[in-house]
Amino acid sequence: MDKKQINKAVRDYLFATAMTMFKYDGLPDNVRPEDLERMLLENGELIFTKWNDEYYIFQFTGAGKQNYLGEWDSYQVNNPYINCNAVFTDNDAVRIRNTDNAVSLAGMLDMYSELLSESYITLNMSDVNARLSFLISAGDSATKASAELFLKQVYDGKQGIIGSQPLLESLSVNPLAEHRDFQSVIELNKFYYSDFFQKIGLTNLYNNVHDRISATETTFTATSIYPFVDNMKKNREQAIEKINQLFGLDVSVEFTSSWDYRLKNGRNLTEQDFKNTGLFDTGSSEQAGEQAGEPEDNKETVENETDN
């Protein structure tokens, strides 16, 4: 795979992960949840409306008049597939934003897919170069072609062969210094994934230094993931409420299990939430007391005073 293919594969994976953030109930049959989320995540906003007695979601361009903030009061839609070339307003359409300022995830997806594809390419090159401990230089085109064939065979996992003695004699081989730091590339790749997941509201406690993750780290990680996804959820809930009022529907939206488990529908995660998973050492108060080594005599004195 070349870099473009790797980049696309990584972006598709990240996008598919983000697509599973919300689940909807009560949407009309003509409006699929996956289409709604795809358009919001890629474009940042859309409108929900009715056309020829069917519900649709459309991309749009601003139309009509602008207010003092420069926002348009109408939505121009041009969809030749259903012969829809019309202008909608807030009286017959509801604008749904991905965030308050209608920011899509396209930029974030592009950035992390680029970073991750580079780390995959670096890891692959390090792996392939581990098969060679030298550089090859050639003095003429025939020798160069033979050397390139040799390197291709090595890259393809075959035993490299140079069949001509004159060609072999014309090659110049220079030893390479040993420097194959696979671990640092792997850690960088893990960090990029962890950083992306955290930005879209999935707690991913990346840790490549400590043996255990403390309660402070889990609390910071849990609370730091709230703002962006909470903003996304708020905009969807507000739009769904308007849709229900305008069209008499009964639509609802909430986090899917992966996000709901971690975010508890907006409730702050507690230390107990992490203790219950059994995955992390949260440094409980009982452990702190035991580590402090409180004298047994003092404990008995306190108990006796209580009994009296």
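Residues numbered from 1 in each chain as written. Predicted model: local features only at pLDDT ≥ 70, side-chain atom pairs only at ≥ 80, totals over all residues. Heavy atoms only, no water.

Moving on, we get to the side chain of Asn244. With respect to the helices and strands, the residue Asn244 is situated in helix H8 (residues 226-247). Residue class for Asn244 comes out buried when judged on its relative accessible area of 18%. Here the side chain of Asn244 touches Val251 through a polar contact of 2.8 Å, landing on its backbone nitrogen. Setting aside anything within four residues of it in sequence, one finds Asn244 in contact with Leu249, Asp250 and Val251. (Helix = DSSP H or I, 4+ residues; strand = E, 2+ residues; numbered from the N terminus. Buried < 20%, exposed > 50% of the residue type's maximum accessible area, 1.4 Å probe, protein only. Polar contact = N/O pair within 3.5 Å; in protein donor to acceptor, adjacent residues only side chain to side chain. Contact = heavy atoms within 4.5 Å.)

Here the focus is the sheet that holds strand E5 (residues 72-79). On the basis of which strands lie adjacent, the open sheet formed by 3 strands has the order E4-E5-E6 and antiparallel pairing. Both edges of this open sheet fall to strand E4 (61-66) and strand E6 (84-89), since each of them pairs with a single strand only. Adjacent strand axes in the sheet meet at a mean angle of 25° when their direction is disregarded. In this structure, E4 lies alongside E5, joined through 4 bridges in antiparallel fashion. Note on E5: the bridge partner recorded for Gln66 is Trp72. (Pairing = 2+ DSSP bridges. Axes fitted to C-alpha atoms, helices over the stretch in contact; angles between N-to-C directions.)

Counting residues in hydrophobic clusters, the biggest one holds 43 residues, and the most contacted among them are Leu36, Phe48 and Ile200. If we ignore the near neighbours within four places in the chain, the residues touching Phe48 are Leu27, Pro28, Val31, Tyr55, Tyr56, Ile57, Ala93, Val94, Ile96, Ile243, Phe247 and Leu249. (Core = buried A, V, L, I, M, F, W, Y, C linked by side-chain atoms within 4.5 Å.)

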